[in-house]
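What the coordinates show
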Amino acid sequence: MVRGWHASLTRNVGPSTDRDSGEVRIPLALFDVDVHQGDAELVLTRREARGLLEHLADAVTPVRPREAQ
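Figured I'd write up the structure that's included with this text. Quick caveat, the model's predicted, so the values are computed rather than measured.

How each quantity is defined
- Residues numbered from 1 in each chain as written.
- Predicted model: local features only at pLDDT ≥ 70, side-chain atom pairs only at ≥ 80, totals over all residues.
- Heavy atoms only, no water.
- Helix = DSSP H or I, 4+ residues; strand = E, 2+ residues; numbered from the N terminus.
- Rg over C-alpha atoms; globule rule 2.2 N^0.38 Å.
- Buried < 20%, exposed > 50% of the residue type's maximum accessible area, 1.4 Å probe, protein only.
- Areas by Shrake-Rupley, 256 points an atom, 1.4 Å probe, with all protein chains shown as cover.
- Lys, Arg positive; Asp, Glu negative; His and termini not counted.
- Charge placed at Lys NZ, Arg CZ, Asp CG, Glu CD.
- Patch = residues over 30% accessible without salt bridge, like charges linked within 9 Å, V, L, I, M, F, W, Y side chains within 5 Å.
- Salt bridge = Lys/Arg side-chain N within 4 Å of Asp/Glu carboxyl O.
- Pairing = 2+ DSSP bridges.

1. Considerations on the overall build of the chain
Scanning the chain from N- to C-terminus turns up one helix and four strands. Taken against the 2.2 N^0.38 rule, which gives 11 Å for 69 residues, the C-alpha radius of gyration of the chain at 16 Å runs more than 25% over that of a compact globule. The principal-axis extents of the C-alpha atoms in the chain amount to approximately 55 × 35 × 25 Å. Residues counted as buried form 14% of the 69 residues belonging to the chain. For the chain, the accessible surface area stands at approximately 6400 Å², while carbon and sulfur atoms represent 53% of it. If you average the places of the 9 positive and of the 11 negative side-chain charges in the chain, the two averages end up 5 Å apart.

Here's what the structure looks like:
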């Protein structure tokens, strides 16, 4: 059973894009707790990458409370 696994961006390696197919490849390092288990690539279509970027931007943008009217 897989427990405690997580992925992090591979250090010093940025994502790459295939201009013909539109694929975006994001290199990841896989860990079990803090022990490196291997490497993999997250491969997304251009549309999937755009959607992921939008979701991540929403997740890290602080939410401002509404002002009383």
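Having seen the structure, we can now continue with the description.
2. Topic: the environment of Gly14
You can see Gly14 is positioned in the loop between strand S1 (5-9) and strand S2 (16-17). Gly14 sits in the partly exposed class, given a relative accessible area of 45%. Between the alpha carbons of Gly14 and Pro27 there is a distance of 7.2 Å; along the sequence they are 13 residues apart.

3. Re a nonpolar patch on the surface
A contiguous nonpolar patch, built from Leu42, Leu52 and Leu56 and spanning about 230 Å² of accessible area, is present on the exposed surface. In this fold, Leu52 is placed in helix H1 (residues 46-60).

4. Quick look at unusual backbone geometry
Of note, the phi angle at Asn12 is positive, near 60°, even though the residue is not glycine. One can find Asn12 in the loop between S1 and S2.

5. Brief notes about the pairing of strand S4 (residues 35-44)
The pairing of strand S3 (residues 24-32) with S4 spans nine bridges and is classified as antiparallel. By the bridge assignment for S4, Leu30 is matched with Gly38. Counted along the chain from S3 to the antiparallel partner S4, the turn is two residues long, and its residue Val33 has a positive phi close to 55°.

6. A word on the pairing of S3
Two elements, S1 and S3, share five bridges in a ladder whose sense is antiparallel. Residue pairing for S3: Ser8 is matched across the bridge by Ala29. The pairing of S2 with S3 spans two bridges and is classified as antiparallel. Each bridged residue has a counterpart across the sheet, and for Thr17 the counterpart in S3 is Val24. Two successive antiparallel strands, S2 and S3, enclose a turn made up of six residues, where Gly22 displays a positive phi of approximately 85°.

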